[in-house]
Amino acid sequence: VSAVGVARVTSATVSVYLVGSAAGPVDPLLITNLSVGGTYAVINLSPGKYVLVASSNGHGCLVSIPVVVSSADQVVEQDLALPASVELEVTVIDGAGRGIPRAGIQLTDEASGLPVPVTLKDGPSDHRGRLVAAGRGPGVYRLRAVLAGWTSEEARVKVLGVAPAGVALRLRQN
């Protein structure tokens, strides 16, 4: 696994998702961490189509192109180059436009439907409803606020290489 300006990333997580599973892309089939040299190995996968998601603090998150495994002993080499990190500023508000504290967010890659790991820079939303999600790379995402007892609207966010303008998410109390 490599990243912009870094030959090898030495601390990252690679999650493996089976494409087309009946359960959908909700939970990873397998999660592995990088070795000291910045490499990873996933062994004994059944034949099928898989998507790899690499993430690392301080770098963007990458959803790979599908990888097809035709036999359990097949070796596939897939370099995962993490994009530069972009911070996404989100404000969580109620119907009257007031900030809602203690909310988190969920991010989903629009193309694959896979969940994207989110690192909240300073924790959940503050008293004004503001929070910052760090480590997103270019892509189109579905964004939703999360707070027990509330229902969130969903926003479509396009990240190109620079952070988009702040995103406001409205919550409705259940």
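Because the structure is predicted, anything quoted here is derived from the model rather than measured. (Residues numbered from 1 in each chain as written. Predicted model: local features only at pLDDT ≥ 70, side-chain atom pairs only at ≥ 80, totals over all residues. Heavy atoms only, no water.)

## Overview of the pairing of strand β8 (residues 86-93)
Consecutive side chains along a regular strand alternate between the two faces of the sheet.
Piece 1. Of all 8 residues making up β8, 6 are buried, and the element is well covered by its neighbours.
Piece 2. Bridge count for β8 against strand β16 (residues 167-173) is 4 bridges, and the pairing is parallel. Following the sheet pairing, Val92 is matched in β16 by Leu169. (Buried < 20%, exposed > 50% of the residue type's maximum accessible area, 1.4 Å probe, protein only. Helix = DSSP H or I, 4+ residues; strand = E, 2+ residues; numbered from the N terminus. Pairing = 2+ DSSP bridges.)

## Thoughts on the layout of surface pockets
Piece 1. Considering only enclosed or pocket space, the largest pocket measures out at about 530 Å³ in volume.
Piece 2. Lining the largest pocket are 24 residues, with Tyr40, Ala41, Val42, Val76 and Glu77 sitting closest to its centre.
Piece 3. Elements represented by at least two residues in the lining of the largest pocket include exactly β4 (48-55) and β6 (67-69).
Piece 4. Of the residues assigned to the lining of the largest pocket, the class counts are 14 nonpolar, 6 polar and 4 charged. (1 Å grid on protein atoms, 1.4 Å probe; cavity = no way out; pocket = protein on both sides within 12 Å on 5 of 7 lines; lining within 4 Å. Points joined across faces, edges and corners; volume = space filled by probe spheres on them. Nonpolar A, V, L, I, M, F, W, Y, C, P; charged D, E, K, R; others polar.)

## A closer look at the pattern of salt bridges
Piece 1. All told, the structure shown has 6 salt bridges when counted by the stated rule.
Piece 2. Two residues, Arg142 and Glu154, come together in a salt bridge whose shortest N-O distance is 3.9 Å. Here Arg142, found in strand β13 (residues 139-146), pairs with Glu154, found in strand β15 (residues 154-159); they are 12 residues apart in sequence, far enough to count as distant.
Piece 3. For Arg142, a relative accessible area of 30% gives the class partly exposed.
Piece 4. With relative accessibility at 43%, the residue Glu154 sits in the partly exposed group. (Salt bridge = Lys/Arg side-chain N within 4 Å of Asp/Glu carboxyl O.)

Taken by themselves, the reported measurements are silent on function.
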